[in-house]
Amino acid sequence: MADQTLSDAIDWKTYPVAAGLASGHVPVHVGTVGNGSPVGVLIASVHGDEGPWSTIAINRMLGSAKTSELTGTLRVVPVAHPLATEADARQTEFDLLDLNNSFPGDENGTHTQRLARLLAEKVLDGSDVVLDVHGGGSWNVNCFVYRFPGSHELASWIRTPLICDGPDRPTSLTGYARGQGATGVWIEMGGRGEWEEERVEAVARGLRHALGKAGVMTPVDAEGADPIVAGAKVALTTNAPGIYRPAIRERGVGSVVEQGTLIGELLDPVSSQVIQEFVAPYERTCLALLRPTIARIEAPGKVVAVAADVTEATQG
């Protein structure tokens, strides 16, 4: 048999999840390729407001890799939350629950709880390595991976510019997987903009490299610089509604700036006078997330950037 791409060799199954009165059920597509060990999971679009970049990155990797490179088994979910993805929203209006805080789910619960239960049973249970691909959105660009106890090596294999310690919740997708014995990371790299294709390609390469190092696929060489491991991080948020004007735009994501460097300004929505400035808080600040364009800010508490402390950073 000719050596196929993983995309061509995947066996797809469709699982209906109960939804609304009009839609009835929503199909969730789960693909499997290979039959060996270890078992790797690639999953995207857990949050519907994070755009299609994670799905594209997964499919790009699958389309370029051959079945001869597979030594274990891959389970693939390109769109984990179809209704939220359709709405470009973090959750659906059915229950307003965050899928990434709903595990292990409930087969008799709300739409999101049923969806979490399906993913737990059909995808996560029995897995060894879980790569949960988030990243960016219509309003931001970002460039890091969240690591958890036991997944420090896996995080470094993704080759994002920055590594941060993640929110270790047992109810998150990676937290549930860890509770079942798997090693998982949560990737945050993507977002709309002129260089979005570069970020997609970087994630695709990182997924392939990590799967090779984890033994799910044959090893490949790493590309790019070693990631930086951050210390503390903080979200810079607005004190009021207004208009956000960035001083550092898309190309600045992942860059390191000195303390006090202007990141952006909040303007009065009527007069355009500056009412709040956002500056780098650490001696050496890595810009993990940026709102890269002029944007309407409808309420206080909205994130305009995430700053990570790399003053005493180590290589991942």
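This text follows the structure it describes.
Residues numbered from 1 in each chain as written. Predicted model: local features only at pLDDT ≥ 70, side-chain atom pairs only at ≥ 80, totals over all residues. Heavy atoms only, no water.

1. Some thoughts on the overall build of the protein
When helices and strands are tallied, the protein shows seven helices and 18 strands. For the protein, the spread of C-alpha atoms along the three principal axes comes to 65 × 50 × 35 Å. Out of the 316 residues in the protein, the part that is buried amounts to 51%. By sequence separation, contacts in the protein at least 24 residues apart represent 71% of the contacts at least 6 residues apart. Carbon and sulfur atoms make up 49% of the accessible area of the protein, which totals about 13500 Å². In the protein, the 25 positive side-chain charges and the 38 negative ones have mean positions that sit 1 Å from each other. (Helix = DSSP H or I, 4+ residues; strand = E, 2+ residues; numbered from the N terminus. Buried < 20%, exposed > 50% of the residue type's maximum accessible area, 1.4 Å probe, protein only. Contact = heavy atoms within 4.5 Å. Areas by Shrake-Rupley, 256 points an atom, 1.4 Å probe, with all protein chains shown as cover. Lys, Arg positive; Asp, Glu negative; His and termini not counted. Charge placed at Lys NZ, Arg CZ, Asp CG, Glu CD.)

2. Describing the packing of helix α2 (residues 53-64) against helix α7 (residues 196-213)
Contact pair α2 / α7: the axes reach a minimum separation of 8 Å and the direction vectors enclose 50°. Between α2 and α7, the crossing angle belongs to the class labelled oblique. Of the two elements, α2 crosses α7, and the hand of that crossing is right-handed. Facing W53, I56, A57, I58, R60 and M61 of α2, the residues of α7 in contact are E196, E197, V200, E201, V203, A204, L207, R208 and L211. Classifying every residue of the contact of α2 with α7 by side-chain character gives ten nonpolar, no polar and five charged. (Axes fitted to C-alpha atoms, helices over the stretch in contact; angles between N-to-C directions. Parallel < 35°, antiparallel > 145°, perpendicular 65-115°, else oblique. Left-handed = near helix turned anticlockwise from the far one by under 90°. Nonpolar A, V, L, I, M, F, W, Y, C, P; charged D, E, K, R; others polar.)

3. Remarks on the side chain of T73
You can see T73 is positioned in strand β4 (residues 73-77). The exposure class of T73 is buried, given its relative accessible area of 7%. A polar side-chain atom of T73 sits 2.7 Å from the main-chain carbonyl oxygen of G36. (Polar contact = N/O pair within 3.5 Å; in protein donor to acceptor, adjacent residues only side chain to side chain.)

4. Points about the environment of N142
In this structure, N142 sits in strand β6 (residues 141-147). Exposure remark for N142: the relative accessible area of 2% places this residue in the buried category. Counting along the chain gives 146 residues from N142 to A288, while the straight-line C-alpha distance between them is 5.6 Å. With residues up to four places along the chain from it excluded, the contact list for N142 reads G135, G136, E188, M189, G190, R199, V253, A288 and L289. For N142, the side chain forms a polar contact with the main-chain nitrogen of G136, separated by 2.9 Å. Looking at N142, its side chain comes within polar contact range of the main-chain nitrogen of M189, at 3.4 Å.

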